[in-house]
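Close look at the chain arrangement
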Amino acid sequence: MPERRYNLLNQLLESDSFAQQPEKFAASPEVEMDTFSEILSAVKLYGALYFSAEFSSPWGFSAPDSNRMAATLSLGAAHLLIYHLVLEGGAVAELEDGRSLELKPGDVVIFPHGDAHHIFSDKEATRPYPNYGITAKIKARDLSPLHAGGGGAISRFVCGYMTCDPYFSRPILNGLPPVFKVNLRADGSGQWLESSIMHLLEEAASERVGSEAMLAKLSEALFVDTLRRYVAALPEKQMGWLAGARDPIVGKSLALMHSRVAHPWTIADLAAAVGISRSALVERFTRYVSEPPMAYLTRWRLQLAARSLEKTSRSVAEIASDVGYESEAAFNRAFKREFGQPPGRYRGEHRTLAAKSSHVN
């Protein structure tokens, strides 16, 4: 079994994007084409573990919002998602507004919008909580367990983050609540993922070469696996993008459009590809996603184009072709309808704002 573990970890380390092969870690049902893979491949996830602790009750700590956390971790402006994996004992996760979740061993709790929150043992842990030297350990990238607390029952956990482009991840993020949890110990794949993280944490603490890089890949795996488990557990009558991605017809439609964004799709082509009539596809897709397939595709193409205008020096004509427009003039009209200004002006204003922001910082 150890040989298999290292073989799979090496495959993770050598891959360019974990999101292209999430089925190795997901026990939840699959759509015929994996929509999450297509979306997450474009999102360019990057993950890492940043803190490990063994607390004895009573204990508690407060996590700042994503902007302050990003500053502590010396990260850029990409969207930050925070998660905590409980390895032993229990805890309570609570948002600033008082909403809370009880956590048990194997639970992963995710804050997809980067909300400030508290993690604590029980009500005996009084606020404001001590820092316990947490900030210093995070800044030092020290993954050895922090030992602190009041001497009671033990809780062990690790904390991690994911960064992603808010443009590309918007379809997923918009469908997620401020906080949710899933448990990894319901099946073998989750248990393997948890045990691998625990093993590599020990290696990282002892500064073994390569362990942090593999932990980064496993952090991505943990996020994808958690997301898929969350979607698999959504109620049957749930609507929205995430529930649509689980639906065999809507999910396959989304996967096709995301994987072949420049293809000259028509509603007839898409309906034929998923094996349903045009009217039935439009009705079903709109019921889940709140807009028809072609309107969704147009909006997604223009979001991709906007990000390319911001991040690259490619010409407007090249970007238009990349996202499926044969005519630059047609692209310009569509872009102006969506963003209120033509592509050239959009790029110029964005670069001016970016330059001012850089000068201020």
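Bear in mind that the values here come from a model prediction, so they are computed numbers and not experimental data. Residue numbers restart at each chain and count upward from 1, following the sequence in its written direction. Where totals are concerned, whole chains, interfaces and linings use all residues; where local detail is concerned, this predicted model gives features only for residues with pLDDT of at least 70, and gives and counts side-chain atom pairs only at 80 or more. Hydrogen atoms and water are omitted, and side-chain values are computed over all heavy atoms in the structure.

Some remarks on the nonpolar core
Stated formally: Residues enter a nonpolar core if they are buried and are Ala, Val, Leu, Ile, Met, Phe, Trp, Tyr or Cys, with the set joined through side-chain atoms within 4.5 Å. Relative accessible area decides the class of each residue, using a 1.4 Å probe on protein chains only: under 20% of the type maximum gives buried, over 50% gives exposed, and in between gives partly exposed. Here a strand is any run of E in DSSP of at least two residues, a helix any run of H or I of at least four, and the numbering for each starts at the N terminus.
Within the largest apolar cluster, 75 residues are counted, with the highest numbers of intra-cluster contacts made by Ile197, Trp241, Leu242 and Phe331. Sort the elements by how many residues they give to this core and helix H7 (residues 211-232) lands first, with ten residues. In this structure, Ala48, Leu80, Val109 and Tyr161 belong to the second largest nonpolar core, which totals 28 residues.

Section: the pairing of strand S9 (residues 154-164)
Put simply, the rule reads: For two strands to count as paired, DSSP must find a minimum of two bridges between them.
Taking burial as the measure, the eleven residues of S9 include nine buried ones, the bulk of the element. As paired strands, strand S1 (residues 46-56) and S9 are joined by ten bridges and run antiparallel to one another. Looking at S9, one finds that Phe51 is bridged to Cys159. Bridge analysis of strand S3 (residues 79-88) against S9 gives nine bridges, and the strand direction is antiparallel. Within S9, the position partnered with Ile82 by the bridge is Tyr161.

A word on helix H10 (residues 267-274)
Inclusion rule: It is the directions from the helix axis to the C-beta atoms whose arc is reported. Whether two residues are in contact is decided by their heavy atoms, any of which lying within 4.5 Å being enough.
Taken together, the buried positions of H10 are Leu270, Ala271 and Val274. Buried residues of H10, viewed axially, fall in a sector of 100°; they line one side. Check the buried side of H10 and you find it contacts helix H9 (248-259), helix H11 (278-289) and helix H12 (293-311). Looking at the residues trailing H10, positive phi occurs at Gly275, about 75°.

Focus: the sheet that holds strand S4 (residues 91-95)
Inclusion rule: Angular values range over 0 to 180 degrees, each being the angle between N-to-C directions of two axes fitted as lines to C-alpha atoms, with helices fitted over their stretch in contact.
If you walk across this open sheet you meet the four strands as S2-S7-S4-S5, and the pairing is antiparallel. Two strands close off the open sheet at either side, each with one partner strand: strand S2 (60-63) and strand S5 (100-103). Going across the sheet, the axis of each strand differs from the next one's by a mean of 15°, ignoring polarity. The pairing of S4 with S5 spans four bridges and is classified as antiparallel. Residue Val92 lies in a different strand from S5, and its bridge partner there is Glu102.

Here's the deal with the environment of Pro292
One can find Pro292 in the loop between H11 and H12. For the pair Pro292 and Val282, spaced ten residues apart in sequence, the C-alpha separation works out to 5.5 Å. With sequence-adjacent residues up to four places away left out, Pro292 is seen in contact with Val282, Phe285 and Thr286.

Points about the pattern of salt bridges
To keep it simple, the criterion reads: Here a salt bridge means any side-chain nitrogen of Lys or Arg lying within 4 Å of a carboxyl oxygen belonging to Asp or Glu.
Under the definition given, this model contains 15 salt bridges. Glu291 is the partner of Arg299 in a salt bridge, and the nearest nitrogen-oxygen pair spans 3.4 Å. The exposure class assigned to Arg299 is partly exposed, which follows from its relative accessible area of 35%. Given the relative accessible area of 14%, Glu291 is considered buried. Because the salt bridges share partners, they merge into one network encompassing Asp165, Arg307 and Glu310.

Some points on the side chain of Thr163
In this structure, Thr163 sits in strand S9. Ignoring anything within four residues of it in the chain, the contact list for Thr163 reads Lys44, Leu45, Tyr46, Leu75, Ala78, His79 and Leu80.

A look at the confidence of the model for the chain
Keep this limit in mind: Summary of the metric used: pLDDT quantifies the predictor's per-residue confidence within the range 0 to 100.
With 86% of its residues at a pLDDT of 70 or more, the chain has an overall mean of 84. Segment residues 1-33: pLDDT under 50, and 70 contacts once partners within four positions in sequence are set aside and those in other chains are kept.

Considerations on the packing of H9 against H10
Note the following rule: Small angles under 35 degrees read as roughly parallel and large ones over 145 as roughly antiparallel, with 65 to 115 read as roughly perpendicular and the rest as oblique. The sense of a crossing depends on the near helix, which, turned anticlockwise from the far helix by less than a right angle, makes the crossing left-handed and, turned clockwise, makes it right-handed.
Remark: H9 packs on H10, axes separated minimally by 10 Å, with the N-to-C direction vectors making an angle of 125°. One way to sum up the angle between H9 and H10 is to call them oblique. Remark: the crossing between H9 and H10 carries right-handed chirality. Residues Ile249, Lys252, Ser253, Leu256 and Met257 of H9 pack against Leu270, Ala273 and Val274 of H10.

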